[in-house]
Amino acid sequence: LLKLVKMDGAPRYQRALEDGQPPKNVILMIGDGMGVNAMTFGTYLHGELTMTQLPVQGLVSTHGTNVVVNDSAATATALSTGHRTRKKSVGMKVTNGELEPATTILEAAEARGIQTGLVSSTQLTHATPAAFYAHVDQRRKRNEIAAAFVDLRQRIPESDGVEVVITGGAADFDAGMEAQLTAQG
């Protein structure tokens, strides 16, 4: 997976933190549906896991505002926005009992001109990747989710679109959407 290269006797990430420099790249890896129990089982089965040796790690509680056992839409929204939400909601937060769009980390990066990417073993319009760019009340609204990806440049000032996309799901984009994406480069 990842290996840190030592420079001048100190790992590069440590030197960057000591110098006060921001990281050059941030990679958020999500094991969809994976919790501490799965990591513990993996450790029992295979010994120390590479993922537990990464320099920066986090543990987040992502239960929903209306359920304890959440789905991937609301869980990914919590990870992408920092806000808990209702089950089945994508990229939305609850304010005064109502759903409203929440800014995602991908949108914030795009607004700052930072290059972004989405890599997934599922469709681009699936709840987990969609939570980083779309805002819908129901994860099943794949047409609206696809449209949100296509119009990202228009919605986010300074955005040049997502630079790297490696997913499935081309069938969720109609010919007009494909033409728009092709025109955007």
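Residues numbered from 1 in each chain as written. Predicted model: local features only at pLDDT ≥ 70, side-chain atom pairs only at ≥ 80, totals over all residues. Heavy atoms only, no water.

Caption draft 1: Highlighting the overall build of the protein. Counting its regular elements, the protein contains eight helices and six strands. Its helices and strands in sequence order give the protein the pattern β-β-α-α-α-β-β-α-β-α-α-α-β-α, from N to C terminus. A total of 185 residues make up the protein; the buried ones form 32% of that total. For the protein, the proportion of contacts with a sequence separation of at least 24, taken over those separated by at least 6, is 50%. (Helix = DSSP H or I, 4+ residues; strand = E, 2+ residues; numbered from the N terminus. Buried < 20%, exposed > 50% of the residue type's maximum accessible area, 1.4 Å probe, protein only. Contact = heavy atoms within 4.5 Å.)

Caption draft 2: Local environment of the pattern of salt bridges. Within the structure shown, the criterion is met by six salt bridges. The partner of glutamate 100 in a salt bridge is lysine 93, and the shortest N-O contact between them spans 3.7 Å. Classification of glutamate 100 as partly exposed rests on a relative accessible area of 32%. The partner of lysine 141 in a salt bridge is aspartate 137, with the nearest N and O atoms 2.6 Å apart. (Salt bridge = Lys/Arg side-chain N within 4 Å of Asp/Glu carboxyl O.)

Caption draft 3: The environment of aspartate 172, seen in detail. If you trace the backbone, aspartate 172 turns up in the loop between strand 6 (164-168) and helix 8 (175-184). Separated by 28 residues in sequence, aspartate 172 and glutamate 144 have C-alpha atoms that sit 9.9 Å apart. For aspartate 172, the contacting residues outside a window of four places in its chain are Gln123, Thr125, Arg142, Asn143, Ala146 and Met177. Separated by 2.4 Å, the side chains of aspartate 172 and threonine 125 make a polar contact. Within the structure, the side chain of aspartate 172 is placed 3.3 Å from the side chain of arginine 142, a separation counted as a polar contact. (Polar contact = N/O pair within 3.5 Å; in protein donor to acceptor, adjacent residues only side chain to side chain.)

Caption draft 4: Examining the nonpolar core more closely. In this structure, Val90, Leu106, Leu118, Tyr133, Ala134, Phe149 and Phe173 are the most contacted members of the largest nonpolar core, which totals 23 residues. Elements supplying a minimum of two residues to this core: helix 3 (72-81), helix 5 (127-130) and helix 6 (142-150). If one sorts the elements of this core by residue count, helix 6 sits on top with five residues. Residues within four places of phenylalanine 173 in sequence aside, it is in contact with Leu124, Thr125, Ala146, Phe149, Val150, Glu178 and Leu181. (Core = buried A, V, L, I, M, F, W, Y, C linked by side-chain atoms within 4.5 Å.)

Caption draft 5: Summary view of the side chain of glutamate 110. Its location among the elements puts glutamate 110 in helix 4 (residues 105-111). Within the buried core, glutamate 110 has no salt-bridge partner, and the shortest N-O distance to an opposite charge, that of arginine 153, equals 6.9 Å. Of note is the side chain of glutamate 110, whose polar atom sits 2.7 Å from the side chain of serine 159. Filtering out sequence-adjacent residues up to four positions away, glutamate 110 remains in contact with Thr116, Leu152, Ile156, Pro157, Glu158, Ser159, Asp160, Gly161, Val162 and Glu163. (Lys, Arg positive; Asp, Glu negative; His and termini not counted.)

Caption draft 6: Layout of the side chain of serine 120. Within the element layout of this structure, serine 120 appears in strand 5 (residues 117-123). Of note is the side chain of serine 120, whose polar atom sits 3.1 Å from the backbone nitrogen of threonine 122. Discounting residues that sit within four places of it in the chain, serine 120 has contacts with Pro129, Ile166 and Thr167.

Caption draft 7: Region of the structure containing the layout of surface pockets. In this model, the second largest pocket occupies a volume close to 1,100 Å³. Lining the second largest pocket are 29 residues, and of these Val26, Ile27, Leu28, Thr116 and Gly117 sit closest to its centre. Secondary-structure elements contributing two or more residues to the lining of the second largest pocket are helix 4, strand 5 and helix 5. When its residues are assigned to classes, the lining of the second largest pocket shows 16 nonpolar, nine polar and four charged. (1 Å grid on protein atoms, 1.4 Å probe; cavity = no way out; pocket = protein on both sides within 12 Å on 5 of 7 lines; lining within 4 Å. Points joined across faces, edges and corners; volume = space filled by probe spheres on them. Nonpolar A, V, L, I, M, F, W, Y, C, P; charged D, E, K, R; others polar.)

Caption draft 8: Spatial organisation of a nonpolar patch on the surface. A surface patch of nonpolar side chains, amounting to about 280 Å² of accessible area, comprises Val119, Val164 and Ile166. Counting through the fold element by element, isoleucine 166 comes out in strand 6. (Patch = residues over 30% accessible without salt bridge, like charges linked within 9 Å, V, L, I, M, F, W, Y side chains within 5 Å. Areas by Shrake-Rupley, 256 points an atom, 1.4 Å probe, with all protein chains shown as cover.)

Caption draft 9: The arrangement of the confidence of the model for the protein in detail. Looking at the protein as a whole, its pLDDT mean stands at 86, while 89% of the residues score no less than 70. Averaged pLDDT values for the elements of the protein fall to 41 in strand 1 (residues 6-7) and rise to 97 in strand 4 (residues 98-101). Below pLDDT 50 for its whole length, residues 1-10 participates in twelve contacts with residues either more than four positions away or in separate chains. (pLDDT = per-residue confidence, 0-100.)

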